[in-house]
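This is what each chain is made of:
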Amino acid sequence: MRCLLASLLREAGMLLRRRSCSGPLLLLGVAVCLFYQTLMVARNRLRSGLQQPAADVKSRRPTEEVLMEETRRFISTLETLQREAQVRPPPRRHRAVVLTGRLPLSHTEVQLFHRVLQQLDYQVQTSRYAEAGSFLREQHGVGGWSLLLCLSTSESTCLRRISFSHLQLHQTVNLLPELMEAFSDAGGGLCHFYTRSHLTGTELPMMPHSCGLTNQRPRVPQDSVDSHSPALVAMVNIYILVTSVTPLTAFLHDMSVVTTNQERGRAMKLRDFLLQQLGPNTSHDALRQVKRVTGEVLHAAVSTSQKTENHSRCVLCYQLLTFTLQFSGSITPVIVQVDVDLKFSALSEDTFDGQIARDLILEDTLHFLLQTHTHLSSETQRQYGGCRGTNSVCLTQAQFLLLLQFQQQIKTPSSFQLLYPSTSSSSSSSAPLSVSDLQMWISRFYELQRNLSLRTDEAEEPTNQEAALSSSQHGASCVDPHLRQIYTDPPLPLTPPFSPQVKQYRAEVTFDTVTVRIRPEPISAACRVHLDEHGGPRMANYPVGLGNSRISILVTDASEPEPVVMTIYTVHVYRESRPSLPMFGDHVTCSFVQDCGLVVQPGRSCGLQPFIQSQSPRQTCSSGHQPGQWVVPCLSCSDNRTCDWREVAWQPDGCYHPLVDRPLLQDCMTDRKVLFIGDSTNRGMMYFLMERVNSSLEDWGKAHDLLVYRNLNAARTQVSYSYYPQFWLEKNHRPTFRQALLHLIDRSRPLVNSNMTVLVVGGVQWLNMDHLRTVREVLNRESLSDILVVVKSLGMGFHLPVDGIRSLSLKEIQELYRENLDIITTARHHGYEVIDTFSITMGRYKEFLQGRCACHFHEVEKFWSSEDTTSTANRTGPALSSQSAVPDTDQQAWPKASFYHVRGPVNQVYSEILLSRLCPMTRN
């Protein structure tokens, strides 16, 4: 081949000097004409050279240095002529149209097209379907646009509405109707091109029933390997880009999805997989077999289309295909599935792997096609003449355009390698050269150039593979610390749309979205991504509480011994409250105990039910754990969207918990000390009490230690708090419950042995009967057996599958409910008050606020004006409204400026019950 190429190059130089081409050709036509003459001469010399003795041919072989110099000279001349033939950049930007179909604008695929096309200086417009876009209806789809991208759910409308035969040369569509038809399902998975009569009996390396949505997806074959053959048993998805049907031109992306008997599908480079399985020598043969097999099937498909259809085709249109190859103990695969789209169903373990791989291939495709886009001068003639003294070759403007585009793609480094036409094939020595022949010669030029360059590098410095190995051993630096995309499930509509340079984002989700799975992807593989902290995971499930949540994404340099944060991205997620319909007319009162999405008590009804209120007058409740239900006004109890959820209230059975107004609360809290021990859910009740007593919350912190507040109620009330359990410490370093309780008592002294001292103990799910016995023993020992003890029972939480914490199954939550009943019984046996927070939180478990446990029903926020705490009147009568911050009589007493405010309607309900138990109406 080197002898042939050397002759070609020398002949090219002579022809360029003589200018022996005739006809009114542009410079581009001259270049192709010279190229054609040179190839014809070289091919004749090759044919005659094969008849000469091998020694003579060898003696005339040029040195690699001469060959390289002539190659460079020819390529330089060709590229100069190409540059002169191209149009100057148009004054306006290219126009791209993206038909999204059912995909929302926030989908990462839509965002990817926006971002990449704008980087390539395209003006991007979106529409859902071709019928909806006026710019596509005009002139049968021919207008001012140059690129049309029909996403998967809009392909049918594109094929129906776009007249591909009327497209202009500069227009590109990401569909090839010929391939869509050839690989369509002709019945039961039978490929349509198999039904053509001339293919009857033709043996192709594929299963005939490999097209369409087959019921039986391909499976990995069992190990049945011939001892004399290379052992390769796997199912491999490869991704093919077809850029032309006539002539057939196709490229293979380096990414594949591999499934073996040993592991589930994973994305990796095809070359790497074959190298791992077969070694360096056999892997090269296997890759050649992959190209041969897929090339044969593609050629058969388009050949069938060419024989049955004879109309103009879109010149620059393209199609991405997925071929599923089955290796059964041989390096020669069989095609068992063809999809006219990118498919990643084998990547079922991770919801993002397929999406990330798809986006990567789509981005590579856009850069591969559009960065090498060639535009012919408007003066270029549609038909070029022949060349004197040769077999005539007549190249149309479309063929010139294809050749120039092909030359640019072959020489540009990318993730694609040539699949068809194969550089190992050869045409007949007597037939005139075709465009495919010219493509093969162009590809051979650049293949030879790359090979010579690689050999020169081998002699002077380590190979690319050795350099990469050395780099990975020492750790490459994170040079570009940016994200390529932020993947979420469900997709978050980011504002502004994602861009690697933008670091702050906002997103809103509906009430029913309680978790978001997030996986950011860095641009550089040398960078690492961690969520929330230096050692955080790269992917995690986040619970999304009502209101605002924040997700921090840290891009770090992994080459350092300790991760160094290079860039921080932040996503602020706002989750909407439950949809509410204000009541303007007649309505009914509905009630519910539990949500149908989490049935904690299987024997009871779930969801909204008609509320039947007792006719007998209700009394004040005698305990804080009186069973009850939530009540809410609705237009219909069969549709929770018709309810006014601002008016939802807790209604105990047969009684009510009176709201304690502030003067009475301040009076009953005078000279009292209230000790809280428990987790953050207990702390939420404490801060609510402090705000109600003082009418403002001046001090606040997420304390995980011991706190003492002495400035409440004009210094007449003291509140202290001890966090338990300290789960972040090693088990052997955690204080026991007894130790924590004794420490809290000691820090709160002096204490009186009466109900003027109150101990509130409890948390979300750690409390059990042993803790209650410990309380009894400690109080007896400390001579505090007559103080008022209030037990906050268990509560909802840990019910979501969140990474990093233990989540409870439905069965475990049902068991927790039964444990809660036992805790209430034991507490009452000891003479303690109980606030049953489990029953109250059970029906509204989706209304949690910030926190990974999904167990917080309170949040402390900055509060500046009395208007922020203004609440609706208690319109449901004696029932405790979860929206009332304080009784109406206290509204005017609140100051115009406070520091903090405890937000959370569910926490407010059980905290008000606590106040009613501390300050009964009989106390004066």
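Quick look at the structure, then.

## Structural notes on the pattern of salt bridges
1) Next: Evaluated as defined, the whole model comprises 27 salt bridges.
2) Next: Between Asp644 and Arg646 there is a salt bridge, with the nearest N and O atoms lying 2.9 Å from each other.
3) Next: The exposure class assigned to Arg646 is partly exposed, which follows from its relative accessible area of 41%.
4) Next: Across the salt bridge formed by Glu777 and Arg738, the nearest N and O atoms sit 2.8 Å from each other. Here Arg738 lies in helix 16 (residues 737-748) and Glu777 lies in helix 17 (residues 769-781), a separation of 39 residues in the sequence.
5) Next: Each of the salt bridges in this network shares a partner with another, and the network as a whole consists of Asp746, Arg749, Arg781 and Glu782.

## As for helix 10 (residues 353-370)
1) Next: Relative to the 26 Å expected for 18 residues at 1.5 Å per residue, helix 10 spans 26 Å between its end C-alpha atoms, a close match to the ideal helical length.
2) Next: Among the 18 residues that make up helix 10, 15 are buried, leaving the element largely enclosed by the rest of the structure.

## So, the nonpolar core
As a rule of thumb, soluble globular proteins bury nonpolar side chains together.
1) Next: In terms of nonpolar packing, the biggest core is built from 58 residues, with Phe183, Phe193, Leu298 and Phe323 touching the most fellow members.
2) Next: Residue assignment for this core shows that the elements contributing at least two residues are strand 1 (94-99), strand 3 (147-150), helix 8 (177-182), strand 5 (233-244), strand 6 (249-259), helix 9 (270-308), strand 8 (319-328) and strand 9 (334-339).
3) Next: A per-element tally of this core places helix 9 first, with 13 residues.
4) Next: Core analysis: the second largest hydrophobic core is formed by 54 residues, Phe688, Met690, Val902 and Leu915 among them.

## With respect to the state of the cysteines
Cysteine pairs can be linked by a disulfide, which is a covalent bond between their two sulfur atoms.
1) Next: Per the stated rule, a full pass over the model turns up 10 disulfides.
2) Next: Between the sulfur of Cys150 and that of Cys158 lies a disulfide, 2.0 Å long from S to S. Taking the sign of the S-S torsion, about -95 degrees here, the bridge from Cys150 to Cys158 comes out left-handed. For the pair formed by Cys150 and Cys158, the shared burial category is buried.
3) Next: Between the sulfur atoms of Cys590 and its disulfide partner Cys637 the distance amounts to 2.0 Å. Measuring the twist about the S-S bond at about -95 degrees, one finds the Cys590-Cys637 disulfide to be left-handed. Pair noted here: Cys590 is in strand 18 (residues 588-592) and Cys637 is in the loop between strand 21 (628-634) and strand 22 (649-652), with a separation of 47 residues, a long-range link. Of the two residues examined, Cys590 and Cys637, each falls in the buried class.

## Some words on the sheet that holds strand 14 (residues 527-531)
1) Next: Strand order across the open sheet formed by 4 strands is 12-17-16-14, with mixed pairing between neighbours. Looking along the sheet, the strands with just one partner apiece sit at the ends: strand 12 (504-509) and strand 14. The sheet shows a mean angle of 25 degrees between the axes of neighbouring strands, taken without regard to direction.
2) Next: As paired strands, strand 12 and strand 17 (residues 564-575) are joined by 6 bridges and run parallel to one another. When the sheet's bridge partners are listed, Val509 is paired in strand 17 with Arg575.

## Quick word on the environment of Glu181
1) Next: Among the secondary structure elements, Glu181 is positioned in helix 8.
2) Next: With a relative accessible area of 32%, Glu181 lands in the partly exposed category.
3) Next: Not counting residues up to four positions away in its chain, the partners in contact with Glu181 are His192 and Arg196.

## Some thoughts on the sheet that holds strand 4 (residues 172-173)
1) Next: With parallel pairing, 4 strands are arranged side by side in an open sheet as 2-1-3-4. Strands at the two margins of the open sheet, each flanked by one partner only, are strand 2 (122-127) and strand 4.
2) Next: Two strands pair when backbone bridges link them, and strand 1 and strand 3 are joined in this way by 4 bridges, in the parallel orientation. Its bridge partner lying in strand 3, Leu99 is registered against Cys150.

## Some words on the side chain of Gln601
1) Next: Relative to the helices and strands, Gln601 is located in the loop between strand 18 and strand 19 (609-610).
2) Next: Other than its neighbours up to four places away in sequence, Gln601 contacts Val593, Gln594, Tyr817 and Met842.

## Considerations on the packing of aromatic side chains
1) Next: The full count for this structure, using the stated rule, is 17 aromatic pairs.
2) Next: Taking the centre distance of 5.5 Å and the plane angle of 80 degrees together, the rings of Phe183 and Phe193 count as edge-to-face. Taken together, the positions of Phe183 in the loop between helix 8 and strand 5 and Phe193 in the loop between helix 8 and strand 5 put the pair 10 residues apart, joining distant regions of the chain.
3) Next: Take Phe183: its relative accessible area is 3%, and that puts it in the buried class.
4) Next: Taking 5.3 Å as the distance between ring centres and 65 degrees as the angle between the ring planes, the aromatic pair formed by Tyr724 and Phe737 counts as edge-to-face. One end of the pair, Tyr724, is in the loop between strand 26 (717-723) and helix 16; the other, Phe737, is in helix 16, and 13 residues separate them in sequence.
5) Next: Taken together, the aromatic side chains of Phe183, Phe193, Tyr194 and Phe323 make up a single cluster linked through ring pairs.
6) Next: In this arrangement the basic side chain of Arg578 is found over the ring face of Trp645, its NZ or CZ atom lying 4.3 Å from the centre.
7) Next: We note Arg844 situated over the ring of Trp630; from NZ or CZ to the ring centre the distance is 4.4 Å.

## Points about the pairing of strand 5
Two faces, one strand: in a regular strand the side chains alternate between the faces of the sheet.
1) Next: With 12 of 12 residues buried, strand 5 lies mostly within the body of the structure.
2) Next: Taken together, the 10 bridges between strand 5 and strand 8 define a ladder with antiparallel strand orientation. The partner of Ile238 across the bridge, within strand 8, is Phe323.
3) Next: Direction of pairing for strand 5 relative to strand 6: antiparallel, over a ladder of 8 bridges. For Val242, the partnering residue across the bridge sits in strand 6 and is Ala250.
4) Next: The antiparallel hairpin formed by strand 5 and strand 6 contains 4 residues in its connecting segment.

## Overview of the side chain of Asn713
1) Next: Along the chain, the position of Asn713 falls in the loop between strand 25 (706-712) and strand 26.
2) Next: A distance of 2.7 Å separates the side chain of Asn713 from the side chain of Arg716, its partner in a polar contact.
3) Next: Excluding residues that lie within four positions of it along the chain, Asn713 makes contacts with Gln666, Met669, Thr670, Val693 and Asn694.

Definitions and cut-offs
- Residues numbered from 1 in each chain as written.
- Predicted model: local features only at pLDDT ≥ 70, side-chain atom pairs only at ≥ 80, totals over all residues.
- Heavy atoms only, no water.
- Salt bridge = Lys/Arg side-chain N within 4 Å of Asp/Glu carboxyl O.
- Buried < 20%, exposed > 50% of the residue type's maximum accessible area, 1.4 Å probe, protein only.
- Helix = DSSP H or I, 4+ residues; strand = E, 2+ residues; numbered from the N terminus.
- Expected span 1.5 Å × (residues − 1).
- Core = buried A, V, L, I, M, F, W, Y, C linked by side-chain atoms within 4.5 Å.
- Disulfide = S-S within 2.5 Å.
- Pairing = 2+ DSSP bridges.
- Axes fitted to C-alpha atoms, helices over the stretch in contact; angles between N-to-C directions.
- Contact = heavy atoms within 4.5 Å.
- Phe/Tyr/Trp six-rings, centres within 6.5 Å; stacked < 30°, edge-to-face > 60°.
- Lys NZ or Arg CZ within 6 Å of the ring centre and 35° of its normal.
- Polar contact = N/O pair within 3.5 Å; in protein donor to acceptor, adjacent residues only side chain to side chain.

Everything listed here is a matter of geometry and, on its own, says nothing about what the molecule does.
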